Amino acid sequence: MKWRIGYYSAKLEKEVLKLPDSLLARYIHLTDLMLEFGSNLGMPHTKAIDDGLFELRVKGKEGIARVFYCTRIGKRIVMLHVFVKKTQKTPKKELKLAIQRMKEVLSDES
């Protein structure tokens, strides 16, 4: 069974596709790798954040973006939230939103 990638919502998928060109190209490259090798590409590409929450670390000439995601049974990767980083540290509101969405995804499967 191959890995599959889904999105929390159609709106989120559109937000991802609106990333600046170099970030979008890098995102597509990294997600292609995830489809082939799985959700854990290791540093510097992916990082475990918190109990089932991970981040895809996207870097390009226009800056840095983060895409939070979780994994589900059946080799499913669910993208939860995207944002372009403007500071060294990940803002708490971005992390909080990703955790909230992950909880929704998990409860929908129960």
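Residues numbered from 1 in each chain as written. Predicted model: local features only at pLDDT ≥ 70, side-chain atom pairs only at ≥ 80, totals over all residues. Heavy atoms only, no water.

*Asks:* Explain the environment of leucine 33 here, please?
*Replies:* By the secondary structure assignment, leucine 33 is in helix α2 (residues 21–37). Ignoring any residue separated from it by four or fewer positions in sequence, one finds leucine 33 in contact with Gly38 and Leu41. (Helix = DSSP H or I, 4+ residues; strand = E, 2+ residues; numbered from the N terminus. Contact = heavy atoms within 4.5 Å.)

*Asks:* Explanation requested: the sheet that holds strand β3 (residues 53–60) in the structure shown.
*Replies:* Spatially, five strands are ordered β1-β5-β4-β3-β2 in an open sheet, and the strand pairing comes out mixed. The two strands at the open ends of the sheet, each matched to only one other strand, are β1 (4–7) and β2 (46–50). With direction set aside, neighbouring strand axes in the sheet form an average angle of 35°. Examined bridge by bridge, β3 and strand β4 (residues 63–72) share seven bridges and lie antiparallel to one another. Note that in β4 the partner of leucine 56 across the bridge is valine 67. Set on the sheet, α2 makes contact with β1, β3, β4 and β5 (76–85); between it and β3 the angle comes to about 135°. (Pairing = 2+ DSSP bridges. Axes fitted to C-alpha atoms, helices over the stretch in contact; angles between N-to-C directions.)

*Asks:* Would you explain the side chain of serine 22 in this entry?
*Replies:* By the element assignment, serine 22 lies in helix α2. Classification of serine 22 by relative accessible area gives buried; the value is 19%. (Buried < 20%, exposed > 50% of the residue type's maximum accessible area, 1.4 Å probe, protein only.)

*Asks:* I tried to follow unusual backbone geometry on my own but got confused; where do I start?
*Replies:* Most peptide bonds are trans, and most residues other than glycine sit at a negative phi. Here the bond from methionine 43 into proline 44 is cis, since omega is 10°, no more than 30 degrees from zero. Tracing the sequence through the fold places proline 44 in the loop between α2 and β2. Here the phi dihedral of lysine 75 falls at roughly 55°; this positive angle occurs in a residue that is not glycine.

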